[in-house]
Each structure stands twice: as structure tokens, then as C-alpha cells.
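Descriptive analysis of the structure
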Amino acid sequence: MVEWDWCLCPCSWTLVETTHAMKYNRIILHCSATNKGQDISTETIRKWHTSPPRNWSDIGYHFVILNDGCGTVERGRPIWKQGAHTRGHNQTIGICYIGGLVNGEPEDTMTDLQECAFFELVDKLRDIFGPVTIHGHNEFSNKACPSFNVLEKWGSTFAQRE
Ligand SMILES: [Zn+2]
């Protein structure tokens, strides 16, 4: 089973090669704005994004990090297609972790497993696309998403920000 493989060995993800047209220099992190402890699937978010009022062609994020106690990463929109996740900044890679709320209020609910999966994914994306910087949605919009400050949480070295 593919999901079992991903769960045990995130490094075995086979992402598309750089022969695709999209070049990226930024990753923007999002949360699903769902309560801590709750897990929802990539398919659920895809339904939100492809139904009214959005009616998008596909889920807006390229990757989703589940809250399944296993750090599973699922693919969303294909990486070679432009995402739909940050108004005015969609020439970037969009990653969403499941969570971001406690009792309906914004709060960092990223689990250790989700964080670990995110780090692995960032490494893989940097192997493919080069030194991409890490940002939170809240740097580009007046929103709480991803419910924390990326630079404060991970520092400028990991984020590769000046
Ligand atoms: Zn967001």
C-alpha cells in the first residue's frame, strides 16, 4: 500500500522532475483551520475547493500533511500546475497541514509527526527546486493561517530568509 510506504519512509516520495515548466522559489504553509485532534482527508479539502462558491478545478494546495498520527503526506494539485492558495502569490508551492484551531480559535496544533513530515517534504522540494524559502500564509494576507509565525517558529536558517 502506497500510504503505508509514505508513512514509513517519506524520502521515497517520487516527485516530478524539474523538466516541468514551473519553477518555484517559495513555499507557503497553510493550515486547514480544523480543530486539534481532528483529521480530515485531502479529498475533503478538494471537495471544499471544487464546490460553490469557489468552484476551482482542483484542490488549491500541492500537498496536504494529515493529522493521522503517522505524518502522512498526500499530494493535492499536481506540482507542475499553478496552485490556488494565496491571493496574488500563487507562483509558489502550497502546503497545508491539517489543524490550526483549538475550540475554533487559531492555535499552532502542528504535531511532531506533522512537523517532521513537513521538514522531509521541504528537503525533497529543495532537492528538486533549489533553495526555496518558507513562508506562512499570514505574511501575505490578513489571516491567522497557518496559526503561527513561521520565522519565529523555525528561524531564518531553516526558512532560508534574510
Ligand atoms: Zn492559508
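Note that the structure is a prediction, hence the values are computed from the model and not measured.

In space, the 3 strands of this open sheet follow the order E2-E6-E7, with mixed pairing throughout. Edge positions in the sheet fall to strand E2 (34-35) and strand E7 (105-106), since each of these pairs with one other strand and no more. Here E2 runs beside strand E6 (residues 100-102); their pairing, made up of 2 bridges, is parallel. For Asn35, the partnering residue across the bridge sits in E6 and is Leu101.

In this section: the environment of Leu66. Here Leu66 is to be found in the loop between strand E3 (63-65) and strand E4 (73-75). Residue classification places Leu66 among the buried positions, given that 25 C-beta atoms sit within 10 Å. Each C-alpha atom, one on Leu66 and one on Ile40, is 7.2 Å from the other, the two residues being 26 residues apart in sequence. Dropping the residues within four chain positions of it, Leu66 is found in contact with Asp39, Thr72, Glu74 and Ile98.

With 5 of its 5 residues buried, strand E5 (residues 93-97) lies for the most part within the structure. The alternating pattern of E5 places Ile93, Ile95 and Tyr97 and Gly94 and Cys96 on opposite faces, both of which are buried. Looking at chain direction, strand E1 (residues 26-31) and E5 are connected through 5 bridges and run parallel. When the sheet's bridge partners are listed, His30 is paired in E5 with Cys96. The pairing of E3 with E5 spans 3 bridges and is parallel.

Right, let's get into the confidence of the model for the protein chain. In low-pLDDT segments, the atomic positions of the prediction should not be examined closely. Of all residues in the protein chain, 86% attain a pLDDT of 70 or more, and the chain-wide mean is 87. Within the model, pLDDT remains below 50 along residues 1-12, and this stretch shows 12 contacts once partners closer than five positions in the same chain are excluded.

Cis geometry marks the peptide bond from Pro52 to Pro53, where omega comes out at 5°. Mapped onto the fold, Pro53 is located in the loop between helix H2 (42-50) and E3. Omega for the peptide link from Cys145 to Pro146 comes to 10°, which places this bond in the cis form. Position of Pro146 relative to the elements: it lies in the loop between strand E8 (133-136) and helix H4 (150-159).

This brings us to the nonpolar core. Membership of the largest hydrophobic core comes to 26 residues, with the highest contact counts inside it found for Ile27, Val64, Ile65, Ile95 and Leu121. Setting aside residues up to four positions removed in sequence, Ile27 forms contacts with Thr92, Ile93, Ile95, Val122, Leu125, Val132, Ile134 and His135.

Parameters and conventions
- Residues numbered from 1 in each chain as written.
- Predicted model: local features only at pLDDT ≥ 70, side-chain atom pairs only at ≥ 80, totals over all residues.
- Pairing = 2+ DSSP bridges.
- Helix = DSSP H or I, 4+ residues; strand = E, 2+ residues; numbered from the N terminus.
- Buried ≥ 20, exposed ≤ 12 C-beta atoms within 10 Å, placed from the backbone.
- Contact = placed C-beta atoms within 7 Å.
- pLDDT = per-residue confidence, 0-100.
- Core = buried A, V, L, I, M, F, W, Y, C linked by C-beta atoms within 7 Å.

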